[in-house]
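# Overview (structure and organization)
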Amino acid sequence: MRIGELSERTGTPRRLLRYYEEQGLIVADRLPNGYRDYDESNPDRVMQIRGLLDAGLPTRIIKQILPCLNKPRIIHFPDATPEMLATLEDERDRMTERIRCLTRNRDAVAEYLDAVRVKAEQSVSPPSRSGRSVRSSTRRAAPG
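So, here is what we can say about the structure in this document. Note that this is a predicted model, so its numbers are computed, not measured.

Along the protein chain, the regular secondary structure elements total five helices and four strands. The helix and strand sequence of the protein chain, counted from the amino end, reads α-α-β-β-α-α-α-β-β. Within the protein chain, the fraction of its 144 residues that count as buried is 22%. Sequence separation of at least 24 residues holds for 46% of the intrachain contacts in the protein chain that already meet a minimum separation of 6. As displayed, the protein chain has an accessible area near 11,000 Å², and 52% of this comes from carbon and sulfur atoms.

Following this line, the structure appears as structure tokens:
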């Protein structure tokens, strides 16, 4: 598949796919006209890369663990070194802290939204006897 199709199938900009290729994260064959030709396994690989990047792993770590990915989205280390395990533990701990921070921020935004909604509901008076709601501010009668 060409880069445009890979971009469309993964939702990844072409420029980013070229960057992944420069970093050695994905590989493309070249057609006689110079166009890139990606294997059918590349959409899964790109999604793995994006997931790992979204989780906060740098491309240098991703490049090291990609050969250990034997199925889409599953990591397997046949010969994991102590250094690699320590690096991944550090990355895991960093992701856990990031999750805590995101959760805290999400909860703060939710509390703010709740407070704003309560205040907005309080600023609207209850319906009048005619069934229409009456605002607390006074309106001027239109000239007639």
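More follows now that the structure is in view.
Here we take up a nonpolar patch on the surface. On the surface, a cluster of nonpolar side chains totalling about 370 Å² of accessible area is made up of Val-109, Tyr-112, Leu-113 and Val-116. Looking at where Tyr-112 falls in the secondary structure, it is placed in helix α5 (residues 82–123).

This part is about helix α3 (residues 42–54). When the terminal C-alpha atoms of α3 are compared, their 18 Å separation across 13 residues agrees well with the 18 Å that a helix rising 1.5 Å per residue should span. Of the residues making up α3, those classed as buried are Asn-42, Pro-43, Val-46, Gln-48, Ile-49 and Leu-52. Residues of α3 that are buried make contact with α1 (3–10), α2 (14–22) and α4 (59–65). Remark: Gly-56 follows α3 within two positions and exhibits a positive phi of approximately 105 degrees.

What follows deals with the packing of aromatic side chains. Tallied over the full model, the rule gives one aromatic pair. Ring geometry for Tyr-19 versus Tyr-20: centroids 6.5 Å apart, planes at 55 degrees, classification tilted. When its relative accessible area of 2% is taken as the criterion, Tyr-20 is described as buried.

Criteria and thresholds
- Residues numbered from 1 in each chain as written.
- Predicted model: local features only at pLDDT ≥ 70, side-chain atom pairs only at ≥ 80, totals over all residues.
- Heavy atoms only, no water.
- Helix = DSSP H or I, 4+ residues; strand = E, 2+ residues; numbered from the N terminus.
- Buried < 20%, exposed > 50% of the residue type's maximum accessible area, 1.4 Å probe, protein only.
- Contact = heavy atoms within 4.5 Å.
- Areas by Shrake-Rupley, 256 points an atom, 1.4 Å probe, with all protein chains shown as cover.
- Patch = residues over 30% accessible without salt bridge, like charges linked within 9 Å, V, L, I, M, F, W, Y side chains within 5 Å.
- Salt bridge = Lys/Arg side-chain N within 4 Å of Asp/Glu carboxyl O.
- Expected span 1.5 Å × (residues − 1).
- Phe/Tyr/Trp six-rings, centres within 6.5 Å; stacked < 30°, edge-to-face > 60°.

Structural measurements only, silent on function.
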